[in-house]
Amino acid sequence: MKKEIVLIFLFAFIVRISFLIEFSNCPSFLNPLIDAKTYWQMAGNLLKGAPITADWFWQSPFYPLFLALLQIITNGSLWGVKVIQALIGSGSCVLVYVLGSKIFDKRTALIAVIITLVYAPLLYFESEFLANVLETFYSLALMLLIVQIEKDPKNKKIAAALGLAGGSALFVRPTFIPFVIIAFLYLLWKQKRDKTLSASTIAPLFVGLLISVAPFITLRSSVAGDIGITPYSGGINLYIGNQAARESAINVRPGREWDEMQEEVNRLGYGTYKEASQYFSDKTIAYIKSHPFHFVKGIAAKSLQFVTGTELPRNEDIYIMREWSGILTSLLWKIGRFAFPFSLFFPLFIIGMIYGFKKSHWSLPLFIFIYSASIILVFNSSRYRTPIIPAASIFAAYGIVSLYRLFKENRRQFVSVLFLLPICVAVTMTGPYAEEKINYRSEYNNLLGKNALQQGRLSEARDYYVKAAMQDSTYDDPHYNLGCLYLRAGSNDPAITSFKKTIEINPAHKRALINLYYLVQMGGDTASSDSILESNYKLLITEQDMVDEWNRMKARKQ
């Protein structure tokens, strides 16, 4: 098996490096956006001596700490970090093979590796500065360790490794929490039933768990004053995915819209992240209690949405990225609502589950279903679904093996199974969903403009903003950002024009109204702006709004 592992690793790495080289001409390849940008900056600031604060626990803290380590190893090279992540992704392909071989056989394992290799969203998200690459690796490692400890329950090293992996996984992504808890409890119950449970084997497991969990809990307690393993963003994310206006909430955009939603809790006096998270959690619970049927209906709708063939966007659309990659173009496409690869992957997975569920190890279906349920409980996106694919590919591979066996041995049953395929494909062809209705190309250029502006490339930023505004006439943010750019450059008249356009699109845009008000007071074009201010300003703006925005503007100028 060693020779096979080496070959799989090398081939997986070649595929990933080829993708990175080809994709390196993408404008955001070395200019990370949104969460990737936040993680990169958090890691960099830590290495510059900035302290860890409560902000680190807004999202799960493991990945930015891991990213800081990679920055040390690569001397802050974005390319270097992406190469190391490609190595980890290649390691995940090896784990797919080893796990598939232990659960089924080498033929199934090799097919699963091929599926994992050509699953385009995996390649893309592994290349981003996001936790996906660790989520995939941890999920496979956890299942492999569980399989190993069941075969050798007295092996203290495996037990300790399982405890370490399970504990740290809790801080890689909160969606691991239910799986780790249920899997560990079931494992202990099963060992007790089989009379293989003993203090000498339990101790290493819990010691490993404690060693990996204690530093994060201690750190959070010292910087934020509370103890917990779930990130503070959990409350607001749960609320976004579970409310009467879920479809509009899911499309709240990063930047001004997101900031305004969070400012709601600040105005109500919730000063800490814990209080803010609890506020949104309480709103979710109140919604569930008052609208239980609507909540259940929403879970059912999100469950169907979870298996849609389309790679649903969150803050960026993976289909846009095909423009800079022939690999993505070949391996990721849609014809109507049929979306490759998931619309083909899902039927194979279902067939594999039908014929392989009883033969598989319990940890494999448990992970797939519990992890999927954790995502569905909040909200769906391609980024969150993708880490499940390597594990699910083992069942998809067994589906292919089962179809071939039926074709050779039982033609009648083979034909009956073929009727199941179009039904499964049809299940993946639902939509379009609210998440797909945003013009992500316009938003992408707007985000690139923000990056260029922050880096002092004003002309490039202006070009991106203009392009974004042209691509979506209903999108107010590019016009607002243009206004801020002109204001920063001292060009007041173009700034007034941009802020006026922003307000035409969105009359409730407070920041545009405040900036326009100050420009008018500074001697701008009052005649054409007074009517806007008269009808909107006094109705929407508080004195605190003015102070907050003016301070933001002064900070941008500095």
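Residues numbered from 1 in each chain as written. Predicted model: local features only at pLDDT ≥ 70, side-chain atom pairs only at ≥ 80, totals over all residues. Heavy atoms only, no water.

**Q** With reference to specific residues and values, describe the overall build of the chain.
**A** Along the chain, the regular secondary structure elements total 29 helices and 2 strands. For 558 residues, the compact-globule estimate of 2.2 N^0.38 gives 24 Å, and the chain sits close to it at 26 Å. Along the first, second and third principal axes, the C-alpha atoms of the chain reach 85 × 55 × 55 Å. Relative to its 558 residues, the chain shows a buried fraction of 55%. Taking the contacts inside the chain whose residues are at least 6 apart along the sequence as the reference set, 74% of them involve residues at least 24 apart. Per element, the accessible surface of the chain, about 24,300 Å² overall, is 63% carbon and sulfur. The positive charge centre, built from 56 side chains, and the negative charge centre, built from 42, are 11 Å apart in the chain. (Helix = DSSP H or I, 4+ residues; strand = E, 2+ residues; numbered from the N terminus. Rg over C-alpha atoms; globule rule 2.2 N^0.38 Å. Buried < 20%, exposed > 50% of the residue type's maximum accessible area, 1.4 Å probe, protein only. Contact = heavy atoms within 4.5 Å. Areas by Shrake-Rupley, 256 points an atom, 1.4 Å probe, with all protein chains shown as cover. Lys, Arg positive; Asp, Glu negative; His and termini not counted. Charge placed at Lys NZ, Arg CZ, Asp CG, Glu CD.)

**Q** Which residues make up the environment of alanine 276, and what values do they have?
**A** Its location among the elements puts alanine 276 in helix α14 (residues 273-290). As a C-alpha pair, alanine 276 and glycine 91 span 185 residues in sequence and 39 Å in three-dimensional space.

**Q** An account of the packing of aromatic side chains is needed here, citing residue identities and associated values.
**A** Following the criterion strictly, the structure yields 33 aromatic pairs and no others. Between the aromatic rings of phenylalanine 23 and phenylalanine 29, the centroid separation amounts to 6.2 Å while the plane-to-plane angle is 80°, which identifies the pairing as edge-to-face. Residue class for phenylalanine 23 comes out buried when judged on its relative accessible area of 1%. A centroid spacing of 6.0 Å and a plane angle of 35° characterise the contact between phenylalanine 62 and phenylalanine 216, whose relative ring orientation is tilted. Residue phenylalanine 62 is found in helix α3 (residues 62-74), and its partner phenylalanine 216 is found in helix α10 (residues 199-224); the two are separated by 154 residues along the sequence. On the basis of relative accessible area, phenylalanine 62 is assigned to the buried category, the value being 17%. On the basis of relative accessibility, which here comes to 10%, the residue phenylalanine 216 falls in the buried class. Members of the aromatic cluster, joined through ring pairs, are Phe19, Phe23, Phe29, Trp79, Tyr124 and Phe125. Positioned above the aromatic ring of phenylalanine 129, the side-chain terminus of lysine 82 is 4.6 Å from the ring centre. The aromatic ring of phenylalanine 342 is capped on one face by arginine 385, whose charged end is 3.8 Å from the ring centroid. (Phe/Tyr/Trp six-rings, centres within 6.5 Å; stacked < 30°, edge-to-face > 60°. Lys NZ or Arg CZ within 6 Å of the ring centre and 35° of its normal.)

**Q** I'd like a rundown of empty space enclosed by the protein, residues and numbers included.
**A** In total, this model carries 7 cavities of 30 Å³ or more according to the counting rule given. Taken together, Leu33, Ile34, Asp35, Ala36, Phe125, Glu128, Leu130, Pro313, Arg314, Asn315, Glu316 and Arg383 make up the full set of residues lining the largest cavity. If one sorts the elements of the lining of the largest cavity by residue count, helix α2 (residues 34-47) sits on top with 3 residues. Here the lining of the largest cavity is built from residues that sort into 6 nonpolar, 1 polar and 5 charged. Estimates place the volume of the second largest cavity at around 60 Å³. If you go around the second largest cavity, the residues you meet are Ile149, Pro153, Ala159, Leu162, Leu187, Leu188, Gln191, Thr201, Ile202 and Leu205. Within the residue set of the lining of the second largest cavity, elements represented by two or more residues are α8 (156-169), α9 (176-193) and α10. Split by residue class, the lining of the second largest cavity holds 8 nonpolar, 2 polar and no charged. (1 Å grid on protein atoms, 1.4 Å probe; cavity = no way out; pocket = protein on both sides within 12 Å on 5 of 7 lines; lining within 4 Å. Points joined across faces, edges and corners; volume = space filled by probe spheres on them. Nonpolar A, V, L, I, M, F, W, Y, C, P; charged D, E, K, R; others polar.)

**Q** An account of unusual backbone geometry is needed here, citing residue identities and associated values.
**A** Backbone torsion omega between phenylalanine 340 and proline 341 reads 15°, so that peptide bond is classified as cis. Among the structural elements, proline 341 can be located in the loop between β2 (338-340) and α17 (342-356). The linkage connecting glycine 431 with the following residue, proline 432, adopts the cis geometry, with an omega of 5°. One can find proline 432 in the loop between α22 (420-427) and α23 (440-454). You will see that isoleucine 34, though not glycine, has its phi angle at about 50°, which is positive. Exposure remark for isoleucine 34: the relative accessible area of 16% places this residue in the buried category. Residue asparagine 75 is not a glycine yet carries a positive backbone phi of 60°. Here asparagine 75 shows up in the loop between α3 and α4 (78-103). Its relative accessible area of 73% is what places asparagine 75 among the exposed residues.

**Q** Residues and numbers for the pattern of salt bridges, please.
**A** Per the counting criterion, the structure on display carries 14 salt bridges. The salt bridge partner of aspartate 226 is arginine 220, with a shortest N-O separation of 2.9 Å. On the basis of relative accessible area, aspartate 226 is assigned to the buried category, the value being 7%. The salt bridge involving aspartate 463 is made with arginine 462; its shortest N-O contact spans 3.0 Å. Each of Glu150, Lys190, Arg193 and Asp194 takes part in salt bridges that share partners, so that together they form one network. (Salt bridge = Lys/Arg side-chain N within 4 Å of Asp/Glu carboxyl O.)

**Q** Requested: an account of the nonpolar core, with residues and values cited.
**A** Among the nonpolar cores identified, the biggest contains 142 residues, and Phe23, Leu162, Phe176, Phe179, Phe345, Phe349 and Ile368 are the most heavily contacted of them. Discounting chain neighbours no more than four positions away, the residues touching phenylalanine 23 are Phe29, Tyr124, Met321, Trp324, Ser325 and Leu328. Core analysis: the second largest hydrophobic core is formed by 19 residues, Tyr465, Tyr486, Ala512 and Leu519 among them. (Core = buried A, V, L, I, M, F, W, Y, C linked by side-chain atoms within 4.5 Å.)

**Q** Describe the environment of phenylalanine 346, listing the residues and the values that go with them.
**A** Along the chain, phenylalanine 346 falls in helix α17. In this structure the C-alpha to C-alpha distance between phenylalanine 346 and leucine 421, which are 75 residues apart in sequence, comes to 9.2 Å. In this structure, phenylalanine 346 is in contact with Val307, Cys424, Val427 and Thr428, ignoring residues within four places of it in sequence.

These figures come from the coordinates and say nothing about function on their own.
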